[in-house]
Amino acid sequence: VYILISAIALITLLLSVIFYIGKHFITALDESEKKLVKLATTDPLSGLLNRREGIRRFQVEISRSFREKLPLSILLIDIDFLKRVNDNFGHQTGDEAIGMVADTLVTTLRDYDIVCRYGGEEYLVILPATGLAKALEAAERIRKVVEDEVIQSRTGDQINLTVSCGVASLQTTDSLDSLVYRADNALYIAKEEGRNQVQSLE
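The present account deals with the structure reproduced in this document.

## Observations concerning the nonpolar core
Counting residues in hydrophobic clusters, the biggest one holds 29 residues, and the most contacted among them are L75, I77, V101, L105, Y123 and L161. Those elements giving two or more residues to this core turn out to be β1 (72-79), α3 (82-89), α4 (91-108), β3 (122-128), α5 (132-148) and β6 (163-169). When residues no more than four places from it in sequence are discounted, the contact partners of L75 are Y123, L124, V125, L127, A135, A139, I142, C165, G166 and V167. Core analysis: the next-biggest nonpolar cluster, separate from the first, contains 19 residues, L72, C116, V180 and A183 among them.

Set out below in structure tokens:
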């Protein structure tokens, strides 16, 4: 009886150790997988989604909008004269400007809005279930918040940033490319008209 009880206790102990090690291994594997996914989908400088992941989610939202007959709008946002900031104050200050605008977008927009870094100083914002009027309001709100923000260079200079924004809403004949094309043209108009403004093109 003693030997039987000892054997059962030993087997139980061994199973507990195996279970603990297995659980620990699976947790570590899970965490590693999450880190890899984050690395593959996140822009390291801004902390936003990278362009590839942003476009992937954009395609999902377009399909959902058509399927459920919901509005969808996008913003293309460009930091005005970022090259001038880089030239005058250094690329580190330019990087801080990119990060500041990214933070502004995240804190100003809704939790389910999708924001990605689209290019060097460009951001793409996807606004699900949002018509043109509300999208213009969101873009103007972002523009004002950025205009009121100040970043400081390493030399102590106070730098005010502004952004230009192009807005477009999904139409029944749109594809992803045509929607981005209209938003990009609207952004071009905003820059041509003097920057620090919001324009739409339908």
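## Examining the layout of surface pockets
Space inside the largest pocket adds up to approximately 200 Å³. Around the largest pocket, the lining comprises 13 residues; the ones closest to its centre are L48, L49, V106, D113 and V115. At the level of elements, α4 and β2 (114-117) are the ones that each hand at least two residues to the lining of the largest pocket. In terms of residue class, the lining of the largest pocket is made up of 7 nonpolar, 3 polar and 3 charged.

## Details of the pairing of β2
Every second residue of β2 is oriented toward a common face, with I114 and C116 on one face and V115 and R117 on the other, all of them buried. As judged from the 4 bridges shared by β2 and β3, these two strands associate in the antiparallel manner. Opposite I114, over in β3, you have I126 as the bridge partner. Between β2 and β3, which pair antiparallel and follow one another directly, the connecting turn spans 4 residues.

## What about the sheet that holds β6?
One open sheet holds the 5 strands; their spatial order is β2-β3-β1-β6-β7, and the pairing between them is mixed. Looking at strand neighbours, the two that pair on one side only are β2 and β7 (198-200), the edges of this open sheet. Shown here is a sheet whose adjacent strand axes are inclined to one another by a mean of 20 degrees, direction ignored. Sheet analysis places β1 next to β6, joined by 7 bridges and oriented antiparallel. Following the sheet pairing, L75 is matched in β6 by V167. Sitting on the sheet, helix α2 (residues 51-68) is in contact with β1, β2 and β3, with an inclination near 25 degrees to β3. Packing against the sheet, α5 makes contact with β1, β3, β6 and β7, and its axis sits at approximately 170 degrees to β6.

## Quick notes on the environment of T93
By the secondary structure assignment, T93 is in helix α4. Put simply, T93 and S153 are 60 residues apart on the chain and 5.7 Å apart in space, counted from C-alpha to C-alpha. At 3.2 Å, the side chain of T93 and the backbone oxygen of F89 are in polar contact.

Thresholds, definitions, all that
Residues numbered from 1 in each chain as written. Predicted model: local features only at pLDDT ≥ 70, side-chain atom pairs only at ≥ 80, totals over all residues. Heavy atoms only, no water. Core = buried A, V, L, I, M, F, W, Y, C linked by side-chain atoms within 4.5 Å. Buried < 20%, exposed > 50% of the residue type's maximum accessible area, 1.4 Å probe, protein only. Helix = DSSP H or I, 4+ residues; strand = E, 2+ residues; numbered from the N terminus. Contact = heavy atoms within 4.5 Å. 1 Å grid on protein atoms, 1.4 Å probe; cavity = no way out; pocket = protein on both sides within 12 Å on 5 of 7 lines; lining within 4 Å. Points joined across faces, edges and corners; volume = space filled by probe spheres on them. Nonpolar A, V, L, I, M, F, W, Y, C, P; charged D, E, K, R; others polar. Pairing = 2+ DSSP bridges. Axes fitted to C-alpha atoms, helices over the stretch in contact; angles between N-to-C directions. Polar contact = N/O pair within 3.5 Å; in protein donor to acceptor, adjacent residues only side chain to side chain.

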